Amino acid sequence: WLFQLFNLTFIAIYQNVLLFLIAAPSYFVLQGPSSISINDVIIAVAFIGLFIMETVADEQHFRFQTYKHSLSAEERLKSDDIDVKKGFYTCGLFAYCRHPNYFAEQVHWCHIVSL
């Protein structure tokens, strides 16, 4: 019964209220007489770019982990792929940052705060 209580209070109610509070400012912007400025366009493009970055990084990581776990321990050690031997991905976006998906998500939150 404790999980049901947690589910009701945190997952069902709290997260929906949080999402409403995040989305509510856009309703007030739509009601106002102001037009879209160049700053709005820059923020929107950056937000979309970060969303794409997060999605690509998640997909790269998922594919790597799926491939890595499809191999046995002996196959991993004999693999020609250095990433499989080391156990973590260092190609794609992960060549520039250890956690590019988390980086993009954190910058999303900074964008929300900056608005």
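Quantities reported herein were computed from a predicted structural model and do not represent experimental measurements.

1. Concerning the overall build of the chain
Part 1: Within the chain, the secondary structure is distributed over five helices and zero strands.
Part 2: Moving toward the C terminus, one meets the helices and strands of the chain in the order α-α-α-α-α.
Part 3: By the compact-globule yardstick of 13 Å for 115 residues, the chain is too spread out, its C-alpha radius of gyration being 20 Å.
Part 4: For the chain, the C-alpha atoms occupy an extent of roughly 65 × 50 × 15 Å along the three principal directions.
Part 5: Put simply, the chain has 115 residues, and 15% of those count as buried.
Part 6: Sequence-distant contacts in the chain: of pairs separated by 6 or more residues, those separated by 24 or more amount to 61%.

2. Brief notes about the packing of helix α2 (residues 38-70) against helix α5 (residues 100-114)
Part 1: Relative to each other, α2 and α5 sit at 155°, their axes nearing to 8 Å. Judged by the angle between their axes, α2 and α5 are roughly antiparallel. Seen from above, α2 lies across α5 with left-handed handedness. Only Pro100, Asn101, Phe103, Ala104, Glu105, Val107, His108 and His111 of α5 make contact with α2, whose side of the interface consists of Ile43, Ala46, Phe47, Leu50, Phe51, Met53, Glu54, Ala57 and Asp58.
Part 2: Classifying every residue of the contact of α2 with α5 by side-chain character gives eleven nonpolar, three polar and three charged.

3. Some points on the packing of aromatic side chains
Within a pair of aromatic rings, the relevant descriptors are the distance that separates the centres and the angle that separates the planes.
Part 1: In this structure the tally under the stated criterion is two aromatic pairs.
Part 2: Ring centres 5.6 Å apart and planes at 65° place the aromatic pair Tyr89 and Phe94 in the edge-to-face group.
Part 3: By way of ring pairs, the aromatic residues Phe64, Tyr89 and Phe94 are connected into one cluster.

4. Things to note about α2
Part 1: Look at α2: 48 Å from first C-alpha to last across 33 residues, which is about the 48 Å you get at 1.5 Å a residue.
Part 2: For α2, every residue scored as buried is listed here: Leu50, Glu54, Ala57, Phe64 and Lys68.
Part 3: Check the buried side of α2 and you find it contacts α3 (73-78), α4 (82-86) and α5.

5. A word on the confidence of the model for the chain
Part 1: Per-residue pLDDT for the chain has a mean of 84; in total, 99% of the residues score no lower than 70.
Part 2: Mean pLDDT values over the elements of the chain span from 80, in helix α1 (residues 2-31), up to 89, in α2.

6. A word on the side chain of His108
Part 1: Along the chain, His108 turns up in helix α5.
Part 2: A relative accessible area of 7% means that His108 is categorised as buried.
Part 3: A distance of 3.5 Å separates polar atoms of two side chains, one belonging to His108 and the other to Glu54.
Part 4: In this structure His108 touches Phe47, Leu50, Phe51 and Glu54, once residues within four positions along its chain are discounted.

7. Remarks on the nonpolar core
Part 1: Counting six residues, the largest nonpolar core is built from Ala57, Phe64, Leu71, Val84, Tyr89 and Phe94.
Part 2: Not counting residues within four places of it along the chain, the set of residues in contact with Phe64 comprises Asp83, Val84, Gly87, Phe88 and Tyr89.

8. So, the environment of Ala57
Part 1: With respect to the element layout, Ala57 can be found in helix α2.
Part 2: Excluding residues within four positions of it along the chain, Ala57 makes contact with Leu93, Phe94, Pro100 and Asn101.

Criteria and cut-off values
- Residues numbered from 1 in each chain as written.
- Predicted model: local features only at pLDDT ≥ 70, side-chain atom pairs only at ≥ 80, totals over all residues.
- Heavy atoms only, no water.
- Helix = DSSP H or I, 4+ residues; strand = E, 2+ residues; numbered from the N terminus.
- Rg over C-alpha atoms; globule rule 2.2 N^0.38 Å.
- Buried < 20%, exposed > 50% of the residue type's maximum accessible area, 1.4 Å probe, protein only.
- Contact = heavy atoms within 4.5 Å.
- Axes fitted to C-alpha atoms, helices over the stretch in contact; angles between N-to-C directions.
- Parallel < 35°, antiparallel > 145°, perpendicular 65-115°, else oblique.
- Left-handed = near helix turned anticlockwise from the far one by under 90°.
- Nonpolar A, V, L, I, M, F, W, Y, C, P; charged D, E, K, R; others polar.
- Phe/Tyr/Trp six-rings, centres within 6.5 Å; stacked < 30°, edge-to-face > 60°.
- Expected span 1.5 Å × (residues − 1).
- pLDDT = per-residue confidence, 0-100.
- Polar contact = N/O pair within 3.5 Å; in protein donor to acceptor, adjacent residues only side chain to side chain.
- Core = buried A, V, L, I, M, F, W, Y, C linked by side-chain atoms within 4.5 Å.

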